[in-house]
Amino acid sequence: MTMEAQIKKGRKYDQVIAGARDVFMREGYEGASVDTIARDAGVSKATLYSYFPDKQHLFLAVLTADCAHQSEVELMIEGGTMDVPQTLQFICKTLVEFMLSPFGQDMFRVCVAESQRFPELGQAFYESGPKRWTRKIGDYLRSPAAQAVFEIDDIALAADQLCQLCRTDLMLKIMFGIQTAPRDADIDRVAEEAVRTFMARYART
């Protein structure tokens, strides 16, 4: 059983995660202090340490806080009635929305900035973000429905390629502040074109 599974979650736990997220995004990993996190979360240091033994574990909890939402996405994929292209478009749209979200952008910046000094943070971001999404897409591409539509020799590579098709110029514009917020139409267009390109490459003739 993981440490996160052993934690008794509740209102205080949610306060700690929310406060830590704000401080990490504002101060970076190294600049964030436990005192500041406890103050912003409105809890005592003793309460904070009752949940997390150190700052690293707290950061990892913040990093994986979107897993509940990702689980919802997985349930919709597994139990949904959409056809294969619609399902892939749903996956791509969800991925693009996350990459362009304030949390996704801020977490990416923090992990890139700190990964040289704290490589375990970069590893954690990769495991909970890019690798998780690639694995999720790969699992779907192995499903009977997808296998009937596609002819793919290397599913892991194909899943990564679909993820990369979602990382367009729009992501750079948001990251560099050229565009402050993505329009829904832009997100839809990126997802649609990613799926169209993927279908052109891998769909059975």
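Report on the accompanying structure. (Residues numbered from 1 in each chain as written. Predicted model: local features only at pLDDT ≥ 70, side-chain atom pairs only at ≥ 80, totals over all residues. Heavy atoms only, no water.)

1. Quick notes on the overall build of the protein
In step 1: Along the protein, the regular secondary structure elements total 14 helices and zero strands.
In step 2: Helices and strands appear in the protein in the N-to-C order α-α-α-α-α-α-α-α-α-α-α-α-α-α.
In step 3: Across the 205 residues of the protein, 42% fall into the buried class.
In step 4: If you take every contact in the protein between residues at least 6 apart in sequence, the share linking residues at least 24 apart comes to 71%.
In step 5: Carbon together with sulfur atoms contributes 53% to the accessible area of the protein, which is approximately 11200 Å² in total. (Helix = DSSP H or I, 4+ residues; strand = E, 2+ residues; numbered from the N terminus. Buried < 20%, exposed > 50% of the residue type's maximum accessible area, 1.4 Å probe, protein only. Contact = heavy atoms within 4.5 Å. Areas by Shrake-Rupley, 256 points an atom, 1.4 Å probe, with all protein chains shown as cover.)

2. Let's talk about the nonpolar core
Note on soluble globular proteins: their nonpolar side chains tend to be buried together.
In step 1: Counting residues in each nonpolar core, the largest one holds 33 residues, and the members touching the most others are Leu88, Leu141, Phe150, Ile152 and Phe198.
In step 2: Breaking this core down by element, the ones donating at least two residues are α7 (84-100), α10 (130-141), α12 (155-165), α13 (169-175) and α14 (184-202).
In step 3: Top element by residues in this core is α7. It accounts for eight residues.
In step 4: Every residue in contact with Phe198, bar those within four places of it in the chain, is listed here: Leu88, Leu141, Phe150, Ile152, Ala158, Leu162, Leu165 and Ala203.
In step 5: Listed in part, the 29 residues of the second largest apolar core include Phe24, Val43, Phe52 and Phe103. (Core = buried A, V, L, I, M, F, W, Y, C linked by side-chain atoms within 4.5 Å.)

3. A word on the pattern of salt bridges
Oppositely charged side chains are able to pair whenever their charged atoms sit close together.
In step 1: As enumerated under the stated definition, the model contains 13 salt bridges in all.
In step 2: The residue Glu27 makes a salt bridge to Arg26 at a minimum N-O spacing of 3.1 Å.
In step 3: Classification of Arg26 as partly exposed rests on a relative accessible area of 47%.
In step 4: By sharing partners, the salt bridges in this structure join Arg26, Glu27, Arg39 and Asp40 into a single network. (Salt bridge = Lys/Arg side-chain N within 4 Å of Asp/Glu carboxyl O.)

4. A short note on the packing of aromatic side chains
In step 1: Under the criterion given, the structure shown has eleven aromatic pairs.
In step 2: Taking the centre distance of 5.3 Å and the plane angle of 75 degrees together, the rings of Phe150 and Phe198 count as edge-to-face. Residue Phe150 is found in the loop between α11 (144-149) and α12, and its partner Phe198 is found in helix α14; the two are separated by 48 residues along the sequence. The two residues Phe150 and Phe198 agree in class, both being buried.
In step 3: Three or more aromatic residues joined by ring pairs make a cluster, and in this case those are Phe24, Tyr29, Phe59 and Phe118.
In step 4: Over the aromatic face of Tyr202 sits the side chain of Arg201, whose NZ or CZ is 4.3 Å from the ring centroid. (Phe/Tyr/Trp six-rings, centres within 6.5 Å; stacked < 30°, edge-to-face > 60°. Lys NZ or Arg CZ within 6 Å of the ring centre and 35° of its normal.)

5. Observations regarding a nonpolar patch on the surface
In step 1: Among the surface-exposed residues, Leu172, Phe176 and Ile178 lie close enough to one another that they form a single nonpolar patch of about 350 Å² accessible area.
In step 2: Here Leu172 lies in helix α13. (Patch = residues over 30% accessible without salt bridge, like charges linked within 9 Å, V, L, I, M, F, W, Y side chains within 5 Å.)

No statement about biological role is implied by the geometric values presented.
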